[in-house]
Amino acid sequence: MFSKIPRVKLSNLPTPLEPADKLAFHLGLEKLLIKRDDLTGLAFGGNKARKLEFELAQAIAGGYDSVITVGAQQSNHARMTAAAACKLGLDVKLVLGGKDFAEIKGNLLLDTMFGAEIRYINGSNEDEDLATLQHAWRDELAAQGKKPYVLPLGGSTPYGTLGYVKAMEELAGQTGNERVHIFTPVSSCGTLAGVALGASLFIPNAEVTGISVSRKNDEIREITKELQLGAAALLGVSEAFIFEKYNLYDNYFEEYAKPVKIAREAADDCARLEGLIFDQVYTAKAMAGLFDLARTGALRKDVPVIFIHTGGMPEVFSGTLLCEDYPNITKLTPDEVRRLRK
Ligand SMILES: Cc1ncc(COP(=O)(O)O)c(C=O)c1O
């Protein structure tokens, strides 16, 4: 099915499917497995590596010399695109938006290490503003005789969607015919679209749940359908495989990237029970959704839950925690240590 579609290797696949038994017990589930796409391996890993394998293959096949993409200041997609571009010998240009570009940390720090040229909109994260600047930059480069490849927000295009259709083929090989319930965070929708279409093709009895971190349900359903249609056309599979009966929740975030208490609590529980790290923008919010649905009895306990850990690791290093805000830390002065020595 995928053999005729160009793809470049950017990730270490298959990613592990790991049991999280203590977390399952904590949530009253019989079985919980984590699909470790945080370990895809490209520049701290994450879901975007799978999408970029198909997307940047188009840039290479088309003879493009650079890639321009867009995202928020702490965009994982921008960071992974920059890394992939370096690996493939393409120049990288990033249009980023958001508040406060004074400090370079987390994903933004990595962008600079990859030598990305960055233009930013200080104060706006609006998709339209980012796209306007992206297209203007493309025209500017084209006028200089260059050939930039325009990659939309989150890499969520029909080609990008194929990354998660293929991921479901991989998952089917790990789960067999077992009935499963797959959870994923949702933002620009390419991951959900790939999971939905891929599950319909390779894991037909799977239930799928998306937890939004940035958009309302109606918009997600619309974008996800378009992406599934585009990906199905590329694969040459019937539209009958488009899967729209997934569950969708848009009540576990307030505003994109804004921290919420339930996500912090879920991330702390996962870290303390399983040694797993979840970021506050995407994966911890999706995990908070899973926590809530498990605890309120909305999930069938006997169906194994598979949570796709979509990455986001560098975001964890973009914030600051003050020592006085963390109760489990004891400060000793050198004098106190000297006294103990006696
Ligand atoms: C860590 C992480 N998880 C989940 C997502 C959501 O994936 P999608 O944009 O395909 O909906 C993103 C997208 O930026 C991400 O960076």
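Definitions and cut-offs
- Residues numbered from 1 in each chain as written.
- Predicted model: local features only at pLDDT ≥ 70, side-chain atom pairs only at ≥ 80, totals over all residues.
- Heavy atoms only, no water.
- Core = buried A, V, L, I, M, F, W, Y, C linked by side-chain atoms within 4.5 Å.
- Buried < 20%, exposed > 50% of the residue type's maximum accessible area, 1.4 Å probe, protein only.
- Helix = DSSP H or I, 4+ residues; strand = E, 2+ residues; numbered from the N terminus.
- Contact = heavy atoms within 4.5 Å.
- Domains from an automatic or database assignment.
- Buried area = accessible area lost by both parts, 1.4 Å probe.
- Salt bridge = Lys/Arg side-chain N within 4 Å of Asp/Glu carboxyl O.

Of all hydrophobic cores here, the largest spans 28 residues; its most connected members are Leu 32, Met 287, Leu 290 and Phe 307. For this core, the secondary-structure elements that each account for two or more residues are α1 (21–27), β2 (32–35), α9 (261–274), α10 (283–295) and β10 (305–308). Excluding anything up to four places from it in sequence, Leu 32 contacts Glu 18, Pro 19, Ala 20, Leu 23, Ala 24, Leu 27, Leu 290, Val 305 and Phe 307. Among the nonpolar cores identified, the runner-up in size contains 26 residues, and Val 180, Cys 189, Val 195 and Ile 220 belong to it.

Below, the discussion takes up the domain arrangement of the chain. Each assigned domain of the chain is listed with its residue range as follows: domain 1 (17–46 + 157–317) and domain 2 (48–155). In this complex, domain 1 contributes 28 residues to the contact, which on the side of domain 2 involves 28 residues. Interface of domain 1 and domain 2: buried area, both sides summed, is about 2,100 Å²; carbon and sulfur atoms make up 61% of it. The largest share of the area that domain 1 buries against domain 2 comes from Leu 42, Thr 157 and Tyr 159, three residues that together contribute 26% of it. The interface formed by domain 1 and domain 2 holds 3 salt bridges in total.

Counted according to the given criterion, the structure contains 22 salt bridges. Here Lys 35 makes a salt bridge to Glu 170, at a shortest N to O gap of 2.6 Å. Placement of Lys 35 in strand β2 and of Glu 170 in helix α6 (residues 158–175) is noted, with a sequence separation of 135 residues between them. Ionic pairing is found between Lys 225 and Glu 244, a salt bridge with its closest N-O pair at 3.9 Å. Here the residue Lys 225 occupies a position in helix α8 (residues 217–235), and Glu 244 occupies one in the loop between α8 and β9 (247–249), the gap between them amounting to 19 residues. The class of Glu 244 is partly exposed, set by a relative accessible area of 41%.

Looking along the chain, the bond that leaves Leu 13 and enters Pro 14 is cis, with omega of 0°. The residue Ala 43 is not glycine, and still its phi comes out positive at about 45°. Turning to its location among the elements, Ala 43 is positioned in the loop between β2 and α2 (48–61). Phi at Ala 257 takes a positive value of approximately 70°, unusual for a residue other than glycine. Note on placement: Ala 257 falls in the loop between β9 and α9.

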